[in-house]
Amino acid sequence: MRQKTALIPTLRSVAEAEMISHQLLLRAGFIRQVAAGVYNYLPLAQRVLQKISMIVREEMDRIGSQELLMPALNPAELWQESGRYDTYGPELVKLQDRHERNFILGPTHEETITDLLRKEVNSYKKLPMTLYQIQTKFRDEKRPRSGLLRGREFIMKDAYSFHADRKSLDETYEDMYQAYSNIFTRCGLEFGAVEADSGSIGGKGTHEFMVFSEAGEDKIAICTSCDYSANIEMAEIMIDDTIRIKKQDVQAMEKIYTPDIKTIDQLASYLQVAPSSLVKTLLFIVDDKPVMVLVRGDHEVNEVKVKNVLEATTCSLADETTIFKVTGATPGSLGPVHLDEKITILADFALSGFDEWHIGANETDYHFLHAVEGRDFEVSKYADLRTVEEGDKCPRCKGTIRFQKGVEVGHIFKLGTKYSDAMRGTFLDANGREQTYIMGCYGIGISRTLSAVVEQHHDDNGIIWPESIAPYAVHLIAVNMKDKEQSELAENLYLQLMQAGIEVLFDDRQERAGVKFKDADLIGIPKRIVVGSKAEDDIVELKFRRTGESQELRVEELLEVMKNN
Ligand code: 9G3
């Protein structure tokens, strides 16, 4: 491609753009914003997207997954059938056709594919079957941000697998895990596969592929001694198994007046004790029912764990009005004593050894001292309910947990029968009995992967593309196009490189050398050939973007080197 006529609108600086990848993609002329969370992918970006897609296709095809293409425009009925038309609310892009029939723009395709399979694949003989597509998805994010990392329109590879039994699902899951590892390795990413929230499916039902980056929105808990890693949304806590003998003779509860004390820290300084000896009480609404959750004063409640312990689908903190209705008190004075018996009380494992609890009295501005579990109130269930913290012990090896930030580029799930049950997706087994498919689903953010690569591969001067997904293999630069020797040699090289099947971007612009080199650094093509003053001797420079190393070569040598690399 000749740069003279290429659409590569580089910029010396950009105003906004919080993330380095967003900034560099704008400055290097790869993307332009069309609307909040909606982007044009300019020619260079499109080439990178195509390369990432080809790697994805090769790895998917290798494990026997078949490519198809489903529509972006989907009838609302399918989403009503699964129940998700209402549960996803405003994030789902909804629209009507001219006959006022309801449609959505697909944010993911579990419904569409289940509908297809239930009509077309009804025998165990066709199973397992895995299908994938690479397609633009639509999600009306509340807060689109960070360029391509959280767009309202983005490119995703989504795959779905259908199985007659669990074992088959496990096998495909393993294949996908391996394929995803290959894909991200081939894209030049440093990543980790971390255990993630599997909802009520349980077990090791889901992994997120995380690219380590300070710019990431996700926090990952990583053990410094073993290979345990998990999203902090669900990272397990090591259960301390020391047996504690509780004191038997705790004095009777005492009610104390605690005006203006709303937080654990305030209560701790008022009572002159450490926050870790106090109990934090929160009220959640879990599947429409109030649930009281108790953790140690210095710990944080993990909503995802609360939801999973109760095998629920929704969980959120109760608002003040609800709290008052349920307990008769304001948020700073909640506790498990004298609570309606019908309300579930969950307590974190860390509280199981507490002899006496100092807790809210369910009466505004009052607390109880010396409450004893079993005597003054009952806990419905002890469980792992708190969020991990740096320095906690690893749940596998008792090593130390540290945090890292990451960007999620892939996610694999064992779905089970959630969609096939809801939509009656069935097949006949070997005995002629009707069975529900067991499903898996597997996603890769293609446009996200592109920005994650830039996030990991750049320097102060610009992007440094890994060869596997670089928009071009070589950037050919004629320092002075007005110089006849230089322009002729460059033109000649351009033709020869193309004939050799090498992808070349040829900077044939009548620009100053400084401008050309700055642009080349910004764009980040891995190899650069500079045709300069030694053109008359048939000598050019070959320079590597990553290391900055360069060597002078005669043209014949250069062509040999290029063909062999
Ligand atoms: C929606 C909207 C947003 C969503 C979803 C549905 C996330 C939704 C999860 C997934 C799961 C997997 C197939 C590929 C791998 C991931 N955001 N998810 O289901 F309606 Cl508006 O997408 N899907």
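Not measured: the values here are computed from a predicted model.

Asker: Can you help me understand the overall build of the protein chain in this one?
Answerer: A tally of regular secondary structure across the protein chain gives 14 helices and 31 strands. When the backbone C-alpha atoms are referred to their principal axes, the protein chain occupies close to 100 × 65 × 50 Å. Buried residues in the protein chain amount to 51% of all 565 residues. Put simply, of all contacts in the protein chain between residues at least 6 apart along the chain, 68% involve residues at least 24 apart. Within the structure as shown, the protein chain displays about 26700 Å² of accessible surface, and the carbon and sulfur contribution to it stands at 47%. Measuring between centres, the 69 positive side-chain charges of the protein chain sit 3 Å from its 90 negative side-chain charges.

Asker: For this particular structure, what's the right way to read the site of the ligand?
Answerer: Around the ligand there are 16 residues in total, and R84, P107, T108, E110 and R139 lie nearest to it. R84 places a polar side-chain atom, nitrogen or oxygen, 2.7 Å from an oxygen atom of the ligand. For the shell around the ligand, the elements supplying multiple residues, two or more each, are β8 (153-163) and β24 (438-445). For the shell around the ligand, the residue count by class is nine nonpolar, two polar and five charged.

Asker: For this particular structure, what's the right way to read the packing of aromatic side chains?
Answerer: Any two aromatic rings considered together are summarised by their centre-to-centre distance and by the angle between their planes. One pass over the full model with this rule turns up 13 aromatic pairs. Each ring, one from Y180 and one from F184, has its centre 6.1 Å from the other, and the planes form 85 degrees; the classification is edge-to-face. Of this pair, Y180 and F184 both sit in helix α6 (residues 166-186), four residues apart, which is roughly one turn of the helix. Y180 sits in the buried class, given a relative accessible area of 0%.

Asker: Would you take a moment to explain the nonpolar core for this structure?
Answerer: Note on soluble globular proteins: their nonpolar side chains tend to be buried together. One finds L25, F30, Y180 and W465 to be the most contacted residues of the largest nonpolar core, which totals 56 residues. At eight residues, helix α2 (residues 43-62) tops the list of elements feeding residues into this core. Lining this core are residues from two domains, each supplying at least three of them: domain 1 (13-236 + 402-455) and domain 3 (474-564).

Asker: Any chance you could explain the state of the cysteines here in plain terms?
Answerer: Disulfide: a covalent bond formed between the sulfur atoms of two cysteine residues. Scanning the model with the defined rule gives zero disulfides in all. Free of any disulfide, C394 has its nearest neighbouring cysteine sulfur in C223, separated by 3.7 Å. Under the relative-accessibility criterion, C394 is labelled buried at 0%. The thiol sulfur of C397 is not disulfide-bonded, and the nearest other cysteine sulfur, from C223, lies at 3.5 Å. Given the relative accessible area of 33%, C397 is considered partly exposed.

Asker: Looking at this model, I keep getting lost on the packing of helix α12 (residues 484-499) against helix α14 (residues 555-564). Mind explaining?
Answerer: Working note: a packed helix pair is described by the angle between its axes plus the distance between those axes. Contact pair α12 / α14: the axes reach a minimum separation of 11 Å and the direction vectors enclose 30 degrees. Accordingly, the angle class assigned to the pair α12 and α14 is roughly parallel. When the axes of α12 and α14 are compared, the crossing they make is right-handed. Of the residues in α14, those in contact with L489, L493, Q496 and L497 of α12 are V555, L558, L559 and M562. Of the residues assigned to the contact of α12 with α14, the class counts are seven nonpolar, one polar and no charged.

Asker: What is the right way to look at the domain arrangement of the protein chain in this model?
Answerer: How big an interface is tends to be expressed through the accessible area that disappears when the partners come together. Each assigned domain of the protein chain is listed here: domain 1 (13-236 + 402-455), domain 2 (254-383) and domain 3 (474-564). On the domain 2 side, the residues contacting the eight residues of domain 1 number four residues. Approximately 470 Å² of surface area, both sides summed, lies buried where domain 1 meets domain 2, with 44% of it carried by carbon and sulfur atoms. Counting every contact that joins domain 1 to domain 2 gives zero salt bridges.

Asker: Quick question: what am I supposed to make of the sheet that holds strand β29 (residues 527-531) here?
Answerer: Where strands meet in a sheet, backbone hydrogen bonds hold them as pairs that are either parallel or antiparallel. Overall, mixed pairing links the five strands, which are arranged β28-β27-β29-β30-β31 in an open sheet. Two strands lie at the open edges of the sheet, namely β28 (504-507) and β31 (550-554), each paired on one side alone. Pairs of neighbouring strands in the sheet enclose a mean axial angle of 25 degrees, with direction left out of account. Each of β27 (474-478), β28 and β29 is contacted by helix α13 (residues 513-523), which is oriented at about 175 degrees to β27, the strand it contacts most.

Asker: Would you take a moment to explain α12 for this structure?
Answerer: Quick reminder: α-helices carry 3.6 residues per turn. Residues three or four places apart thus point the same way. When the terminal C-alpha atoms of α12 are compared, their 23 Å separation across 16 residues agrees well with the 22 Å that a helix rising 1.5 Å per residue should span. Those residues of α12 not exposed but buried are Q486, S487, L489, A490, L493, Y494 and L497. One face of α12 carries all of its buried residues, which in axial projection span an arc of 165 degrees. Opposite its buried face, α12 presents the exposed residues K484 and Q499, each directed more than 90 degrees away. Of the surrounding secondary structure, the elements contacted by the buried residues of α12 are β27, β28, β29, β30 (539-544) and α14.

Calculation notes
- Residues numbered from 1 in each chain as written.
- Predicted model: local features only at pLDDT ≥ 70, side-chain atom pairs only at ≥ 80, totals over all residues.
- Heavy atoms only, no water.
- Helix = DSSP H or I, 4+ residues; strand = E, 2+ residues; numbered from the N terminus.
- Buried < 20%, exposed > 50% of the residue type's maximum accessible area, 1.4 Å probe, protein only.
- Contact = heavy atoms within 4.5 Å.
- Areas by Shrake-Rupley, 256 points an atom, 1.4 Å probe, with all protein chains shown as cover.
- Lys, Arg positive; Asp, Glu negative; His and termini not counted.
- Charge placed at Lys NZ, Arg CZ, Asp CG, Glu CD.
- Near = heavy atom within 4 Å.
- Polar contact = N/O pair within 3.5 Å; in protein donor to acceptor, adjacent residues only side chain to side chain.
- Nonpolar A, V, L, I, M, F, W, Y, C, P; charged D, E, K, R; others polar.
- Phe/Tyr/Trp six-rings, centres within 6.5 Å; stacked < 30°, edge-to-face > 60°.
- Core = buried A, V, L, I, M, F, W, Y, C linked by side-chain atoms within 4.5 Å.
- Domains from an automatic or database assignment.
- Disulfide = S-S within 2.5 Å.
- Axes fitted to C-alpha atoms, helices over the stretch in contact; angles between N-to-C directions.
- Parallel < 35°, antiparallel > 145°, perpendicular 65-115°, else oblique.
- Left-handed = near helix turned anticlockwise from the far one by under 90°.
- Buried area = accessible area lost by both parts, 1.4 Å probe.
- Salt bridge = Lys/Arg side-chain N within 4 Å of Asp/Glu carboxyl O.
- Pairing = 2+ DSSP bridges.
- Expected span 1.5 Å × (residues − 1).
- Arc of directions from axis to C-beta.

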